[in-house]
Amino acid sequence: MDYILSVATLAGINMIAVLGLSVFTGFTGLFSLGHAAFIAVGAYTSAVLTYYYYVPFALALVAGSAMAGAVSLVIGIPTLRAKLRSDYFAIAILGFGEALRVLLENLTITNGARGLPGIDSFTTPFTVLFCLAVSVVLVSNFLRSRWGAACIAIREDPIAAEMAGVRLFRTRLLSLMVSAVFCGLSGGLMAHYLSFIQPVMFTLTQSTQLLAAVIAGGMGSISGPLIASFAFIALPEALRVAQMWRLVAYGLLLVLIMVYRPQGLMGYREITSLFGKRRDDGRRER
Amino acid sequence: MSAGHTFFSVTGLTKDFGGIRAVDDLCFSVEKGSITGIIGPNGAGKTTVFNLVTGVYRPTSGAIHLMGEPIGGLRPDAIVRKGIARTFQNIRLFNRQSCLENVMTPLLQRERHSFVGSVLRTPGARRRQRDLADRGRSLLASLGLEPFASQQANTLPYGLQRKLEIVRALATGPELLLLDEPAAGMNPEETKRLAELIAEIRERFDVTILLIEHHMDLVMNICEPIVVMNFGALLACGTPDEVRSNPDVIAAYLGKGKKSHDASAQG
């Protein structure tokens, strides 16, 4: 039972990061191969605060998220101002993520490559559930706002979006910042759940996994990536009995999704629309 | 001739792409409340002029003025806020969004909302969003698109997609509306109805219209004056009758066939 709960907790932490990335990739249409860096910033900032300075956990989480948001400006301002197109941007942020990891490996306060051991494990399954719920509400409200509409317009057609009065640079930057903030929150929760963090935990592999969850779940959906990210964490654990084959199964799942549902599990819809759908159709027929 | 500044003008507008001069020292002006047409052979630089006016391209040289204010070289979204909106030759809608969402996006961008209020979805934010949705629906209704409000934009028939693009442009609250080949792909009957619609839009929304079109019947019926471009430069400018009888225009664009066709039709 404890084991299942801990897997679910880790999945929940991962889901918050995926939620953040889906704002940027799924709803604004820019690919990122470096969002693990923002998780790292959140993790290290909050861990250093509670570890060395005994800052209250909640405050440390907020500080970690804020720091991740601030760091996103460092890479966001030059690249997004230059209007780097999707793949170029993805590579620029990949370089940034790796550079940041190397920085963490060489700072004294982060204890270098050996990592920070013995962080207080403040994160409980309940904290994660609460943070996840709040995040989902905030993100869906954001997407319905003026700024969310601007993000989606940019994803659909950047030129037409500008002609509709959308400020391209500012909106993309805001979207990156929002996504980084949620990744930072996820990092803070992670550090205080595992009670040990190390720079090698935040590599390209993790960034790729986040991106895979967003794409497999459906760009332009909140529920899709959340389901996918849960599955990606839970499935390898569930398949531990077949140790040798679990990574094969994981890869196979990704391939199958891309072949049979290239738009992702949920495509551009939400899971809630599945329940409301039948009634709508009936009304239209009448 | 109006006193004071002209409503909209381009002076000495030039755009080079590498060694190719797409727009060459172009000058023309648009009177408030008019429906001005731009015609010319393919590749004459008509759409480039639209792209320069709306900030998609930066002019190599020359000036663009709207209501006395220079707008050349501003960002597209800044130009939209100054009061210029456009549609595109090849339709550019927010395809996977509903018709209402397509119209809501420009409406929302004109508002000043508090970020915190929107993210927390306070009662005030909700109310404002509802009011805006009502405005979006009435805009859709004004061009007969209200029944399709919740339908995804790219599932609409072609003609309605063109209309939706016009509604989206109107939602930015423009003074000057640029239409890039609004009748492209329409049959004569549809073109006729579109001409009526354009005239109606000018009255109802109190906008000035500048349009590019190849359908001569539409241009000759509703546009006055007409600007003729050839090889990026101004070839002629005047009333439909002046343009029609201009020998340069006939040689470059209209062709002699039109006249003999008219003559044979009468005879």
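Time to look at the sheet that holds strand E3 (residues 35–39) of chain B. Residues and elements named next belong to chain B. One open sheet accounts for 6 strands, arranged E6-E7-E8-E3-E9-E10; its pairing is mixed. In this open sheet, the two edge strands, each paired with only one partner strand, are strand E6 (84–86) and strand E10 (233–238). In this sheet, neighbouring strand axes are inclined to one another by 20° on average, regardless of whether the strands run parallel or antiparallel. Note: strand E7 (residues 176–180) against strand E8 (residues 208–212), 5 bridges, orientation parallel. Its bridge partner being in E8, Asp180 is matched across the sheet by Ile212. Along the sheet, helix H1 (residues 46–53) makes contact with E3, E6, E7, E8 and strand E9 (226–230), crossing E7 at roughly 145°.

All names here are of chain A. Where helix H9 (residues 204–217) contacts helix H10 (residues 223–238), the axes come no closer than 7 Å and their chain directions differ by 130°. The angle between H9 and H10 falls in the class oblique. In the crossing of H9 with H10, the sense of the turn from one axis to the other is right-handed. Contacts between H9 and H10 involve Gln209, Ala213, Val214, Ala216 and Gly217 on the former and, on the latter, Gly224, Pro225, Leu226, Ile227, Ala228, Ser229 and Phe232. The class makeup of the residues in the contact of H9 with H10 is 8 nonpolar, 4 polar and no charged.

All names here are of chain B. Read from one edge to the other, the open sheet built from 4 strands follows the order E2-E1-E4-E5, with strand pairing classed as antiparallel. Each edge of the open sheet is held by one strand with a lone partner, namely strand E2 (20–30) and strand E5 (69–70). The pairing of strand E4 (residues 61–66) with E5 spans 2 bridges and is classified as antiparallel. Considered in E5, the bridge of His65 is made with Pro70. Docked against the sheet, H1 engages strand E1 (8–17), E2 and E4, running at close to 70° with respect to E2.

Here the focus is the confidence of the model for chain A. All names here are of chain A. Scored by pLDDT, chain A comes out at a mean of 89, with 94% of its residues at no less than 70. Across chain A, element-level confidence peaks in helix H8 (residues 168–194) with a mean pLDDT of 97 and bottoms out in helix H12 (residues 272–285) with 47. Under a pLDDT of 50 for its full length, residues 277–286 has, in the predicted model, 0 contacts with residues more than four places off or in other chains.

Let's shift gears to the packing of helix H2 (residues 36–53) of chain A against helix H4 (residues 86–106) of chain A. Residues and elements named next belong to chain A. The N-to-C vectors of H2 and H4 enclose an angle of 30°; their axes lie 8 Å apart at closest approach. Comparing their axes, H4 and H2 come out roughly parallel. Each of Ala36, Ala37, Ala40 and Tyr44 in H2 lies in contact with H4, whose residues at this interface are Phe96, Gly97, Leu100, Arg101 and Leu104.

In terms of nonpolar packing, the biggest core is built from 157 residues, with Ile16 and Ala40 of chain A together with Val228 of chain B touching the most fellow members. Broken down by element, the residue count for this core peaks at 13 residues, all from H8 of chain A. Ignoring any residue separated from it by four or fewer positions in sequence, one finds Ile16 of chain A in contact with Cys131, Leu132, Ser135, Phe182, Leu185, Ser186 and Leu189 of chain A.

So, on to the environment of Leu103 of chain A. You can see Leu103 of chain A is positioned in helix H4. Taking C-alpha positions, Leu103 of chain A is 9.1 Å from Pro199 of chain A, a pair spaced 96 residues apart along the chain.

Residue and element names in this part refer to chain A. Mapped onto the elements, Leu104 comes out in helix H4. In this structure the C-alpha to C-alpha distance between Leu104 and Gly224, which are 120 residues apart in sequence, comes to 33 Å. If we skip the residues at most four places from it in the chain, Leu104 touches Ala40, Tyr44, Thr110 and Pro199.

Here we take up the interface of chain A and chain B. Each side of the interface is counted separately: chain A has 21 residues, and chain B has 27 residues. Looking at the side of chain A that touches chain B, the elements with two or more residues in it are helix H5 (125–144), helix H6 (146–156) and helix H7 (158–163) of chain A. Considering each element in turn, the side of chain A that touches chain B owes the most residues, 6 residues, to H6 of chain A. Residues of the side of chain A that touches chain B, tallied by class, amount to 12 nonpolar, 4 polar and 5 charged.

Reading the values: the criteria
- Residues numbered from 1 in each chain as written.
- Chains lettered and ligands numbered in written order.
- Predicted model: local features only at pLDDT ≥ 70, side-chain atom pairs only at ≥ 80, totals over all residues.
- Pairing = 2+ DSSP bridges.
- Helix = DSSP H or I, 4+ residues; strand = E, 2+ residues; numbered from the N terminus.
- Axes fitted to C-alpha atoms, helices over the stretch in contact; angles between N-to-C directions.
- Contact = placed C-beta atoms within 7 Å.
- Parallel < 35°, antiparallel > 145°, perpendicular 65-115°, else oblique.
- Left-handed = near helix turned anticlockwise from the far one by under 90°.
- Nonpolar A, V, L, I, M, F, W, Y, C, P; charged D, E, K, R; others polar.
- pLDDT = per-residue confidence, 0-100.
- Core = buried A, V, L, I, M, F, W, Y, C linked by C-beta atoms within 7 Å.
- Buried ≥ 20, exposed ≤ 12 C-beta atoms within 10 Å, placed from the backbone.

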